[in-house]
Amino acid sequence: MLGLPAHVTACLFDLDGVLTQTARVHNVAWTATFDEYLRRRAAATGEPFRPFDPGSDYHRYVDGRQRADGVRTFLASRGIVLPEGHPDDPPEADTVHGLGNRKNVLLLSSIRSGGVDVYPGSVTYLKAVVAAGLRRAVVTASANGREVIAAAGLEPLLEARIDGLVARAEGLRGKPEPDTFLAGAKVLGVDPAEAVVFEDALAGVAAGRAGGFGYVVGVDRAGQADELLAHGADIVVTDLADLLDTGRPE
Ligand SMILES: O=P(O)(O)OC[C@H]1O[C@@H](O)[C@H](O)[C@@H](O)[C@@H]1O
């Protein structure tokens, strides 16, 4: 009924773009942040301004990664290296953490004024997972995971949360490394081979593959089904509810 292999006993859900429609909110905040920086840099160096591409740049270098990893990975793709700075850097600082904090100001303002929308098909699926008695954790790179889950009203459906703050406190490497998903399986007390990873990000499906999880479901929100498969998804759906009653053997 859930469209999952019979040996699966636990579900590890990414948050932004899988349960909530916040991947696009992150994307808008990143685009504004990087474009402001790149425009200023172009004016200072005399090089042409090449804007951040919310399609390819976001999906390749930023989506699914921890905040500072996203800054570093995107800037490296343009041959730019900024000083690391400190996690408490002010949003005006031209450092990796300063840029990340600038983006976070925009993200929080957008979430707090506009709220958080869920994907209705994901809520339907999550409720079916609860009814089937499977274990459930959210595994997100976002340090804002707690606030987004609360704003979306998803707390009662989830048992555990591994987010960007937990990762920092426990020294877990971000996606595409498998550490945070492995921590999610551990907190639920299941073997990775018994758990399924649900991910919309290329870095996220790669983390699911790298961790030896029992099944990796790619959720295609951006017309990148082939890339999700190439990065490690076993199956790709456009909505989690598509998995229900697929007639697949359980
Ligand atoms: O900046 P935050 O809220 O800690 O989020 C980190 C990352 O979290 C991921 O879930 C998003 O896909 C990324 O876009 C985002 O950069």
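Residues numbered from 1 in each chain as written. Predicted model: local features only at pLDDT ≥ 70, side-chain atom pairs only at ≥ 80, totals over all residues. Heavy atoms only, no water.

Selection criterion: UniProt positions are given in the numbering used here, feature names are shortened, and annotations may be inferred rather than shown by experiment.
Looking at an unreviewed UniProt entry, one finds the protein named Beta-phosphoglucomutase and attributed to Micromonospora nigra. Its UniProt record gives the protein the following Cofactor (unreviewed entry) comment, quoted word for word: "Mg(2+)". As recorded by UniProt, the Sequence similarities (unreviewed entry) comment attached to the protein reads in full: "Belongs to the HAD-like hydrolase superfamily. CbbY/CbbZ/Gph/YieH family."

1. A short note on the overall build of the protein
Cut-off, in case you're wondering: Secondary structure follows DSSP: runs of H or I at least 4 residues long count as helices, runs of E at least 2 residues long count as strands, and numbering of each begins at the N terminus. Put simply, the radius of gyration uses C-alpha atoms, and a globule should come to 2.2 Å times the residue count raised to 0.38. Exposed residues in this analysis have more than 50% of their type's maximum accessible area, buried residues have under 20%, and partly exposed residues fall in between, with area computed by a 1.4 Å probe over protein chains only. Any two residues whose heavy atoms approach within 4.5 Å at even a single point are treated as in contact.
Within the protein, the secondary structure is distributed over 10 helices and 6 strands. On C-alpha atoms alone, the protein measures out to a radius of gyration of 18 Å, which is about the 18 Å that the 2.2 N^0.38 rule sets for 250 residues. Overall, the C-alpha framework of the protein stretches about 60 × 30 × 30 Å when taken along its three principal axes. Residues classed as buried in the protein amount to 54% of the 250 residues present. Restricting to contacts in the protein with at least 6 residues of sequence separation, those with at least 24 account for 63%.

2. Things to note about the confidence of the model for the protein
Heads up, the rule is: As a per-residue measure, pLDDT reflects the predictor's confidence and takes values from 0 up to 100.
When pLDDT is averaged across the protein, the result is 97; 98% of the residues are at 70 or more. The ipTM, which scores confidence in the relative placement of chains, is 0.98 for this predicted complex, and the corresponding pTM is 0.96.

3. Some thoughts on the site of the ligand
The cut-off we apply is this: Summary of the distance rule: residues count as near a molecule or strand when at least one heavy atom falls within 4 Å of that molecule or strand. Within 3.5 Å is the distance limit for a polar contact, defined as a pair of N or O atoms, with the added protein rule that one can donate a hydrogen and the other accept it, and that residues adjacent in sequence qualify only through two side-chain atoms. Reported accessibility uses the Shrake-Rupley method at a 1.4 Å probe radius. Residues are deemed covered only where the shown protein chains occlude them. Cavities and pockets are found on a 1 Å grid laid over the protein atoms alone: a cavity is a set of points where a 1.4 Å probe fits but cannot escape, a pocket is an open set with protein on both sides within 12 Å along at least five of seven lines, and a lining residue has an atom within 4 Å of such a point. Whether a molecule lies in a cavity or pocket depends on its atoms, and more than half of them have to be within 2 Å of the grid points. Here the term charged refers only to Asp, Glu, Lys and Arg, the term nonpolar to Ala, Val, Leu, Ile, Met, Phe, Trp, Tyr, Cys and Pro, and the term polar to all other amino acids, Gly among them.
As a structural note, the neighbourhood of the ligand is formed by 15 residues, with Asp16, Tyr58, Arg67, Ser142 and Ala143 the closest of them. A distance of 2.7 Å is found between an oxygen atom of the ligand and a backbone nitrogen or oxygen belonging to Ala143. Bound to the protein, the ligand loses 99% of the 390 Å² it would expose on its own. Spatially, the ligand is embedded in the largest pocket. Those elements giving two or more residues to the shell around the ligand turn out to be helix H1 (23-45) and helix H4 (96-114). Split into classes, the residues belonging to the shell around the ligand amount to 5 nonpolar, 5 polar and 5 charged.

4. A word on the domain arrangement of the protein
What counts here: Either an automatic procedure or a domain database provided the assignment from which the domain bounds are taken. Buried area counts how much accessible surface, traced with a 1.4 Å probe, disappears from two parts once they are put together, with both parts' losses summed. Any Lys or Arg side-chain nitrogen found within 4 Å of a carboxyl oxygen on Asp or Glu counts as a salt bridge.
Under the domain assignment, the protein is made up of domain 1 (10-22 + 117-243) and domain 2 (24-114). The C-alpha-based centres of domain 1 and domain 2 are spaced at 24 Å. Facing the 24 residues of domain 1 at the interface are 16 residues of domain 2. Carbon and sulfur atoms supply 48% of the area that domain 1 and domain 2 bury against each other, a total of about 1,500 Å² over both sides. Ranking the residues of domain 1 by area buried against domain 2 places Thr22, Asn144 and Glu147 at the top, with a combined share of 29%. Our count for the domain 1 to domain 2 interface comes out at 1 salt bridge. Note that Arg112 is salt-bridged to Glu147, the shortest N-O span being 2.8 Å. Between domain 1 and domain 2 we count 7 residue pairs in polar contact (both at pLDDT 80 or more) in total. Mapped by element, the contributors of at least two residues to the side of domain 1 that touches domain 2 are helix H6 (145-152), helix H7 (164-170) and helix H9 (202-210). Here the side of domain 1 that touches domain 2 is composed, by residue class, of 11 nonpolar, 7 polar and 6 charged.

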